Amino acid sequence: MIATVLVLFACTGNGQNKNKDKMSDSTQVISRTEEEWRKILSPEQFYVLRQKGTDSPFTGKYYLNKEKGMYSCAACGNELFSSDMKFDSDCGWPSFDKEIAGGKIKKITDYSHGMVRTEIICAKCGSHLGHLFDDGPTSTHLRYCVNSTSVDFKK
Ligand SMILES: [Zn+2]
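About the thresholds
Residues numbered from 1 in each chain as written. Predicted model: local features only at pLDDT ≥ 70, side-chain atom pairs only at ≥ 80, totals over all residues. Helix = DSSP H or I, 4+ residues; strand = E, 2+ residues; numbered from the N terminus. Buried ≥ 20, exposed ≤ 12 C-beta atoms within 10 Å, placed from the backbone. Contact = placed C-beta atoms within 7 Å. Pairing = 2+ DSSP bridges. Axes fitted to C-alpha atoms, helices over the stretch in contact; angles between N-to-C directions. Core = buried A, V, L, I, M, F, W, Y, C linked by C-beta atoms within 7 Å.

Chemist: I'm lost on the overall build of the protein in this one. Help?
Modeler: Helix and strand content of the protein: 2 helices and 9 strands. When the elements of the protein are put in sequence order from the N terminus, they spell out α-α-β-β-β-β-β-β-β-β-β. Within the protein, the fraction of its 155 residues that count as buried is 27%. Partitioning the intrachain contacts of the protein with sequence separation of at least 6 by distance along the chain shows that 56% fall at a separation of at least 24.

Here it is in structure tokens:
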């Protein structure tokens, strides 16, 4: 008997090293304890950003702001909205029709105060920004209703 053993070496080209999983800055999550936040933020910022407080309507510093610039999270600096996305809203809070890029803001269903609303939080640090409604007057039909206290504005 003749046994023929064929050994095949499969040439499995390993291809290129497709390592494109580098995290960008905007996806790096900041995690601090509430005590740490309390030291960093003003009492008003801590109340709104970390305890989901709300500015009194028609009082916030950016409600009527029409200057060109960028709005970022007041807790961590994550850029959220540009002035181009801001529109005049009669609801009493700064309102935007979209965020500057996907993934900047997380949406969470909020059942507080006997309502079902969509809470918006900073995707980077988890701080409360405001609420998202679908009754916006522009083509996106979105209204990001944001506390002035939750954002910093830079020209
Ligand atoms: Zn943030």
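Chemist: Would you explain the sheet that holds strand β4 (residues 95–96) in this entry?
Modeler: The strands making up a sheet are joined through hydrogen bonds of the backbone, oriented either antiparallel or parallel. The strand order across the open sheet formed by 6 strands is β3-β4-β8-β7-β6-β5, and the pairing between neighbours is antiparallel. Edge positions in the sheet fall to β3 (86–87) and β5 (105–110), since each of these pairs with one other strand and no more. Sheet analysis places strand β7 (residues 128–133) next to strand β8 (residues 143–146), joined by 4 bridges and oriented antiparallel. Each bridged residue has a counterpart across the sheet, and for Phe133 the counterpart in β8 is Arg143.

Chemist: Explain the pairing of strand β1 (residues 70–73) to me, please; I cannot follow it from the model alone.
Modeler: The side chains of a regular strand alternate between both faces of the sheet. Direction of pairing for β1 relative to strand β2 (residues 79–82): antiparallel, over a ladder of 3 bridges. Among the inter-strand pairings, Tyr71 is bridged to a residue of β2, identified as Phe81. Remark: 5 residues form the turn of the hairpin made by β1 and β2, two consecutive strands paired antiparallel; Gly77 in that turn has positive phi of roughly 85°.

Chemist: Help me understand the environment of Thr149, please; the structure alone is not making it clear to me.
Modeler: Mapped onto the fold, Thr149 is located in the loop between β8 and β9 (151–154). According to the C-beta neighbour criterion, Thr149 is buried, with 25 such atoms within 10 Å. For the pair Thr149 and Leu49, spaced 100 residues apart in the sequence, the C-alpha separation amounts to 7.7 Å. Each residue touching Thr149, except ones within four places of it in the same chain, is listed here: Glu44, Gln45, Val48, Asp55, Gly60 and Ala74.

Chemist: Even after reading the chapter, I still don't get the sheet that holds β1, so can you show me in this structure?
Modeler: Strand order in the open sheet formed by 3 strands is β2-β1-β9, and the pairing between neighbours is antiparallel. Strands at the two margins of the open sheet, each flanked by one partner only, are β2 and β9. Geometrically, the sheet is characterised by an average inter-axis angle of 30° between neighbouring strands, direction not taken into account. Of the strand pairs in this sheet, β1 and β9 are connected by 4 bridges, and their pairing is antiparallel. Paired with Ser72 across the strands is Asp152, a residue of β9.

Chemist: Is there a simple way to think about the nonpolar core in this case?
Modeler: The tendency in soluble globular proteins is for nonpolar side chains to be buried side by side. Residues Cys73, Cys122, Tyr144, Val146 and Val151 are the most contacted members of the largest nonpolar core, which totals 23 residues. Secondary structure elements with two or more residues in this core: α2 (43–50), β1, β2, β6 (117–122), β7 and β8.

Chemist: Looking at this structure, I do not really get the environment of Ser56. What am I missing?
Modeler: Among the structural elements, Ser56 can be located in the loop between α2 and β1. Sequence separation between Ser56 and Asn147 is 91 residues; the distance between their C-alpha atoms is 8.8 Å.

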